[in-house]
Protein chains: 2
Amino acid sequence: MTDNDFDLGRFLPYALNQAAEASSIGFQKYYRQRYGMLRTEWRVLFHLGRYGAMTAKAICARASLHKTKVSRAVQALEQKRYLARSVQEEDRRRETLSLTRQGQEVYADLYEAAKAYDAKLSAHLTPQEREILNRCLQKITKV
Amino acid sequence: MTDNDFDLGRFLPYALNQAAEASSIGFQKYYRQRYGMLRTEWRVLFHLGRYGAMTAKAICARASLHKTKVSRAVQALEQKRYLARSVQEEDRRRETLSLTRQGQEVYADLYEAAKAYDAKLSAHLTPQEREILNRCLQKITKV
DNA sequence: AGATATTAGTTTGATTTGTAACTAACAACG
DNA sequence: CGTTGTTAGTTACAAATCAAACTAATATCT
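Residues numbered from 1 in each chain as written. Chains lettered and ligands numbered in written order. Predicted model: local features only at pLDDT ≥ 70, side-chain atom pairs only at ≥ 80, totals over all residues. Heavy atoms only, no water.

In this section: the protein's contact with DNA strand C. Looking at DNA strand C, there are 21 residues lining it, with K57, S71, R85 and R93 of chain A together with R92 of chain B nearest. Near-protein atoms of DNA strand C (within 4 Å) split between backbone and bases, with sugar and phosphate holding 59%. One of the side-chain nitrogen or oxygen atoms of S71 of chain A is found 2.6 Å away from a phosphate oxygen of DNA strand C. Between a base nitrogen of DNA strand C and a side-chain N or O atom of R72 of chain B, the distance comes to 2.9 Å. Of all the secondary-structure elements, those providing two or more residues to the surface near DNA strand C are α3 (56–63) and α4 (67–79) of chain A together with α4 (67–79) of chain B. By residue number, the principal contributor to the surface near DNA strand C is α4 of chain A, which donates 5 residues. (Near = heavy atom within 4 Å. Polar contact = N/O pair within 3.5 Å; in protein donor to acceptor, adjacent residues only side chain to side chain. Helix = DSSP H or I, 4+ residues; strand = E, 2+ residues; numbered from the N terminus.)

Structure below.
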């Protein structure tokens, strides 16, 4: 028989998913409405903007995204003229992805929006809570 | 210009999503392979198993799921013979959903699996971290 | 060199999700 | 009553995701 002391709200994958969804809604609305971007597109843009030009493969590894997802996000960002590709001379399979000037502007705007949005979310937490939360999330992600 | 002190790993929606995904994989594998269930199906099953018979609407509210998602999960669970519907006499629009004996067995198994899985995840955290993590997730979900 | 294996990235088709329109039962108002 | 509005749940179509097969370039092995 089940003992009934274990609640859904205490099940980590469930609680994390609920919190992740709730916390994403506001920011998602911003980049969707303002730039017509999807979540993966935003992530790819952010990686390039924050960490500089790199290949699709590198983005896959950094962001733990599947290559088909990245491939499609790159296409979409290219169409929006936020991103440019350049084939590498020394290995023509690989292409270096980088943001266009326009892409950098979008990144800068989203960067500020993300920072402000994060601050708003964190306002409900004490500094200690915020720090421990971060640490826990890192640990769980690494597992 | 952006100041570059704000990292993706510190952006709450991103960090939460990464942790949520990483933490879900193992358990997802279990209910997928063993029972061919989808995430929403598992959630609906869990709600009925843990909190007793209720309407689809009630599940929507409790789990913050859209009614079409619940509708489809209920159909799937019904086909698997894990769940039965019964139209309410006093209002024939509503139907009470409840688990069949087989559904209860599946629930009991998943309940134990979830509990064990959660314990494994939590093993990397101190009791204090675990407590604060829970509190933070609740706060964020409520916003 | 020539066959075979890897690797970076794309395309395709099947599942899954999201959005909006729909049906059927009930409620409220004249 | 009958018209209009609301509610519970389903269906249909579009958008997004996933897995697997594919292309083209490079590496390896004989």
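Aligned on chain A, chain B shows an RMSD of 0.1 Å; the corresponding rotation is 180° and the shift along the axis is 0.0 Å. Given the turn and translation reported, the copies of this chain are related as if by a two-fold rotation axis. Considering only C-alpha atoms, the residue of chain B closest to the rotation axis is L133 of chain B, which sits at 2.8 Å. Residue by residue, 100% of the interface of chain B is reproduced at the interface of chain A, so both copies engage with the same surface. (Least-squares fit on C-alpha atoms with pLDDT ≥ 70 in both. Contact = heavy atoms within 4.5 Å.)

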